[in-house]
Amino acid sequence: MEISVFSKKLWCVRKQLILLLTPLIFLPLLFALPEKEGKCLYVVLLMAMFWCTEALPLAVTAMLPVCLFPTMGILPSKKVCTQYFLDTNFLFLSGLMMASAIEEWGLHQRIALKVLTIAGVKPAWLILGMMITSSFLSMWLSNTATTAMMLPIANAILESLFGDLETLKQNCKLMEDPENDIINGQCNVKLHSLPSAPSEKQILSVDGMDGTEQSDGRTAQEIRSESVYQMQVWKGFLICIPYAASIGGTATLTGTAPNLIFIGQLKSYFPDCDLINFGSWFAFAFPLMVLFLVLGWIWIAFLYGGLNTRLCLKKQDQRALAEARAKAVINENYRKLGPLKFAEGAISFFFILFAILLFTRDPKFFTGWSAFFNKGYVSDAVTGVIIVSILFFFPSQRPSLSWWFNPQGSNTPYVPLLSWKKAQDSVPWNIILLLGGGFAMAKGCEESGLASWIGGHLQPLAQVPPAAAVMLITAFLACFTEFASNTATIIIFLPVIAELAMHVSVNPLYFMIPATVGCSYAFMLPVSTPPNSIAFASGHLMVKDMVKTGFVMNILGVLSVSLAMNTWGVAMFNLNSYPEWARPTNMSSAVVDVLAQNATL
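Residue numbers restart at each chain and count upward from 1, following the sequence in its written direction. Per-residue local features of the predicted model are confined to residues with pLDDT of at least 70, and side-chain atom pairs are confined, for both listing and counting, to 80 or more; whole-chain, interface and lining totals are unaffected and use all residues. As a convention, hydrogens and water are excluded, and side-chain values are obtained from all of the structure's heavy atoms.

Caption draft 1: Main features of unusual backbone geometry. With phi around 60°, Ser505 is a residue other than glycine that occupies positive phi space. A positive phi angle is found at Asn574, which is not glycine, with a value near 50°. For the purposes of this entry, the term helix denotes a DSSP run of H or I that reaches at least four residues, the term strand denotes a run of E that reaches at least two, and both are numbered from the N terminus. With respect to the secondary-structure elements, Asn574 resides in the loop between helix H29 (568-573) and helix H30 (589-598). For Asn574, a relative accessible area of 48% gives the class partly exposed. Burial classification: accessible surface area is computed with a 1.4 Å probe over protein chains only, and a residue below 20% of its type maximum counts as buried, one above 50% as exposed, and the rest as partly exposed.

Written out as structure tokens, the structure is:
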């Protein structure tokens, strides 16, 4: 048998080989390390390998602690299973249900079109409008759902600006250029468009608007140059949406899974730490999101041709005509939505109430409404479940007293703002299990002593200045998550980072927050995140486009996080001192005194 044929057969059974060989490869750990720590490390590495290679579905790997921790004597099953539905999971669940209600009644589309009407139609302003809309929506919806919704809207606007994409590619083609496939954005792999794209584009497109000007007296070279510019802008539109969705998800605790993993593991490791809740996280992360979003917009607009003199000056030319058509498309489709419906208004009210109650529960800088209840009894999950429960019985049509006295009135049952079928279909239960698996792994590392054992072996890193360590941690996790799930990445590394902070006498939040945010900064590869994959699947982007853009985005993200942590982060969370809640209860008073003397940044 030829080597190439044999290698192809190996590739076909690679997942089965990983499942069989990985447990055997890691087997020596059970004998080389202390008993309980070695067993826990064995399970952690097994899960990390399965997560990174996806040899098993992510959710199935997340359930391995249920069977491995009890049978290996690491943790009893009643302690493991309770980790799979903590109050953090309820907060996540309520956020998803609120998002499904917003999508059900089309409020997200109204928000998107309204922002675009305000942003303007010049390419740079439109890119900014797309990024603002995507980032805002992804604070509440999933990053994947936001990207899937915004891309068809972007395509409809682009077609009104530049005409049909295939015609544009033909105009770009330089017959004498051997690399014309690169210019055209073509690749050898055929990719299917989003299933939702045709229906959205049908809604958003305007009949009869071609956008191409074939008989305007321009030379072939001028047409080619303009088409190349338009193709660049097209790429900029497509690439800015998934990037903005990933950035926006970091601003709220419910915006992305790593944030929830962070708050869950923080409560597990440091139960006395009450500094992080929905309001305090938003107060820290929202300015960081805005800063990174502006820097990202400048880079993308510069790279893809949106930053030029047209940004501030008005010119009457072919581009101005195309921009006028795009503005007409946006205004027309916003007009088609009609006046605000009762259901949209009701959802808006509950959405705003949901946000206000989360922000004001315990904001730290003034007394929150949770002070009216027993201390420690009310969490963010309580708020989320209360508001979402109302959606299941609040009517989607305006109630009318006259209906009771009108014999001719319709007797059909009223429709609530959210049905259980819709909620059930919209909840990604695999993510719920993934969150639970992360909490179970963290609990196992803590109870077995593995986290302390790893932290002790990281003592040499104490020589690295904390500010430099923040940049290194953020950069490392941003690179690692390019190849692995961001949820799996934060599950694997956050316990180690927490122990590292304790052993070098640094406030754990100073290392854990950058690690959490850095896990969402995956911009360089299509496989890094589902939003990147969706944008790449449109067929108009190449891998080199994402690598070129994403590399600088990663650098900007690391710098932004470092700036945030060392400015307003220090002031908000008192990061200059080692906190009482981070001191292990079993440490001797002498060690505590030493830590107190050395715990400065």
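That was the structure; now back to the text.
Caption draft 2: Molecular detail of the layout of surface pockets. A cavity, in this analysis, means grid points on a 1 Å lattice covering only the protein atoms where a 1.4 Å probe fits yet has no way out; a pocket is instead an open set bounded by protein on both sides within 12 Å along at least five of seven lines, and a residue lines either one if it has an atom within 4 Å of a point. Grid points are joined across faces, edges and corners, and a volume is the space filled by probe spheres set on the points. One number sums up the size of the largest pocket: a volume of about 1100 Å³. Considering every element that reaches the lining of the largest pocket, the biggest residue donor is helix H8 (residues 87-104), with six residues. Note that Gly is not counted as nonpolar here; it falls among the polar residues with everything else outside the nonpolar set of Ala, Val, Leu, Ile, Met, Phe, Trp, Tyr, Cys and Pro and the charged set of Asp, Glu, Lys and Arg. Residue composition of the lining of the largest pocket, grouped by class: 21 nonpolar, 19 polar and four charged.

Caption draft 3: Quick peek at the environment of Ile454. The residue Ile454 is located in helix H23 (residues 450-457) in this model. Ile454 gets classed as buried once you look at its relative accessible area, which sits at 18%. Distance in space between the C-alpha atoms of Ile454 and Val496 is 6.7 Å, their sequence separation being 42 residues.

Caption draft 4: Expanded view of the packing of aromatic side chains. A pair of Phe, Tyr and Trp rings is counted when the ring centres sit within 6.5 Å of each other, with Trp represented by its six-membered ring. The angle between the planes then sorts it: under 30 degrees is stacked, over 60 is edge-to-face, the rest tilted. According to the stated counting rule, one finds 28 aromatic pairs in the structure shown. With a centroid separation of 4.6 Å and an interplanar angle of 40°, the aromatic rings of Phe282 and Phe359 are classed as tilted. You can see Phe282 sitting in helix H17 (residues 278-303) and its partner Phe359 sitting in helix H19 (residues 342-360), a full 77 residues away along the chain. Judged by its relative accessible area of 17%, Phe282 is buried. Through a chain of ring-to-ring contacts, the aromatic side chains of Phe136, Trp140, Phe278, Phe282, Phe286, Phe351 and Phe359 assemble into a single cluster. A ring has a charge above it when a Lys NZ or an Arg CZ is no more than 6 Å from the ring centre and no more than 35 degrees off the ring normal. Positioned above the aromatic ring of Tyr334, the side-chain terminus of Arg110 is 5.9 Å from the ring centre.

Caption draft 5: Up close: the side chain of Lys235. Inspection of the secondary structure puts Lys235 in helix H15 (residues 220-248). Polar side-chain contacts of Lys235 include one of 3.2 Å to the side chain of Asp545. Nitrogen and oxygen atoms within 3.5 Å of one another constitute a polar contact, given that in protein one can donate a hydrogen and the other can accept it, and given that sequence-neighbouring residues count only through two side-chain atoms.

Caption draft 6: Structural view of helix H4 (residues 35-53). Under the 1.5 Å per step criterion, the end-to-end length of H4 is 27 Å for 19 residues, consistent within 8% with the ideal 27 Å. By the burial criterion, the buried members of H4 are Glu37, Gly38, Cys40, Leu41, Tyr42, Val43, Val44, Leu46, Met47, Ala48, Phe50 and Trp51. Here the expected length of a helix is defined as 1.5 Å per residue gap, with one fewer gap than residues.

Caption draft 7: Highlighting the pattern of salt bridges. Throughout this description, the term salt bridge denotes a Lys or Arg side-chain nitrogen within 4 Å of a carboxyl oxygen of Asp or Glu. Here the structure, examined in full by the defined rule, presents eleven salt bridges. The partner of Asp380 in a salt bridge is Arg361, and the shortest N-O contact between them spans 2.7 Å. Taken together, the residues span a long stretch of sequence, with Asp380 in helix H20 (residues 380-391) and Arg361 in the loop between H19 and H20 at a distance of 19 residues. Assigned by exposure class, Asp380 and Arg361 land together as buried. A salt bridge links Lys443 to Glu447, with the nearest nitrogen and oxygen atoms 3.8 Å apart. Of this pair, Lys443 and Glu447 both sit in helix H22 (residues 429-448), separated by four residues, roughly a single helical turn. In this structure Lys443 comes out as buried when scored by relative accessible area, which is 18%.

Caption draft 8: Representation of the packing of helix H2 (residues 14-25) against H4 within the structure. A fitted line through C-alpha atoms represents every axis, and for helices the fit uses only the stretch in contact; the resulting angles, taken between N-to-C directions, go from 0 to 180 degrees. Where H2 meets H4, the axes come as close as 10 Å, and the angle between the chain directions of the two elements is 155°. With respect to H4, the element H2 is oriented roughly antiparallel. Pair H2 / H4 crosses with right-handed handedness. Between H2 and H4, the residues in contact are Ile18, Leu19, Thr22 and Pro23 and Tyr42, Leu46, Met49, Phe50 and Thr53, respectively. Put simply, angles under 35 degrees are roughly parallel, angles over 145 are roughly antiparallel, angles from 65 to 115 are roughly perpendicular, and the rest are oblique. For any pair of crossing helices, the crossing counts as left-handed if the nearer helix is rotated counterclockwise from the farther one by less than a right angle, and right-handed if it is rotated clockwise. Note on contacts: a residue pair qualifies if any of its non-hydrogen atoms lie within 4.5 Å across the two residues.

Caption draft 9: Region of interest: the nonpolar core. Judged by nonpolar contacts, the single largest core of 165 residues is most densely connected at Met130, Phe270, Phe511 and Ile513. Ranked by residues supplied to this core, first place goes to H17 with 14 residues. Not counting residues up to four positions away in its chain, the partners in contact with Ile513 are Phe262, Ile276, Trp281, Phe284, Met565 and Phe573. Throughout, nonpolar core names a set of buried Ala, Val, Leu, Ile, Met, Phe, Trp, Tyr and Cys residues whose side chains join them through atoms within 4.5 Å.

Caption draft 10: The arrangement of the confidence of the model for the chain in detail. By definition, pLDDT measures how confident the predictor is in each residue, and it falls between 0 and 100. In this model, the chain carries an average pLDDT of 79, and 82% of its residues clear a pLDDT of 70 or more. Throughout residues 174-215 the model reports pLDDT below 50, and contacts reaching past four residues in sequence, or to other chains, amount to 67 contacts. For the stretch residues 586-601, pLDDT sits under 50, and the model shows 19 contacts to residues farther than four places along the chain or on other chains.

Caption draft 11: Region of the structure containing empty space enclosed by the protein. Tallied over the full model, the rule gives two cavities of 30 Å³ or more. Its volume calculated, the second largest cavity comes out at about 50 Å³. Those elements giving two or more residues to the lining of the second largest cavity turn out to be helix H9 (107-119) and helix H10 (123-138). Class assignment of the residues belonging to the lining of the second largest cavity gives a composition of eight nonpolar, no polar and no charged.

Caption draft 12: Seen up close, a nonpolar patch on the surface. The residues that make up patches have over 30% relative accessible area and no salt bridge, and they are joined within 9 Å when like-charged or within 5 Å when they are Val, Leu, Ile, Met, Phe, Trp or Tyr. For accessible areas, the Shrake-Rupley method is used with a probe of radius 1.4 Å. Any residue's cover is judged against the shown protein chains and nothing else. On the surface, Phe6, Leu10, Val13, Leu17, Leu20, Leu21, Leu24, Ile25, Leu27 and Phe31 cluster together into a nonpolar patch covering about 980 Å² of accessible area. Elements with a minimum of two residues in the nonpolar patch: helix H1 (3-12) and H2. Structurally, Ile25 is set in helix H2.

Caption draft 13: Summary view of the packing of helix H25 (residues 486-503) against helix H26 (residues 508-518). Contact geometry of H25 with H26 gives a least axis separation of 8 Å together with a crossing angle of 160°. Taken as axis vectors, H25 and H26 run roughly antiparallel relative to one another. The two elements H25 and H26 cross, and the hand of that crossing is right-handed. Contact residues: Ile490, Leu494, Ile497, Ala498, Leu500, Ala501 and Met502 in H25; Pro508, Phe511, Met512, Ala515 and Thr516 in H26. Within the contact of H25 with H26, the residues separate by chemical class into eleven nonpolar, one polar and no charged.

Caption draft 14: Region of the structure containing H25. If you check H25, its first and last C-alpha atoms are 25 Å apart, about what 18 residues at 1.5 Å a residue would give, namely 26 Å. Of all the bends in H25, the greatest, near 35°, is centred on Phe493, and the proline Pro495 appears no more than four residues after it. Counting buried residues in H25 gives 16 out of 18 residues, a clear majority hidden from the surface. Note that bend, as reported per residue, equals the angle between axes fitted to the 7 residues terminating at that residue and the 7 residues originating from it.

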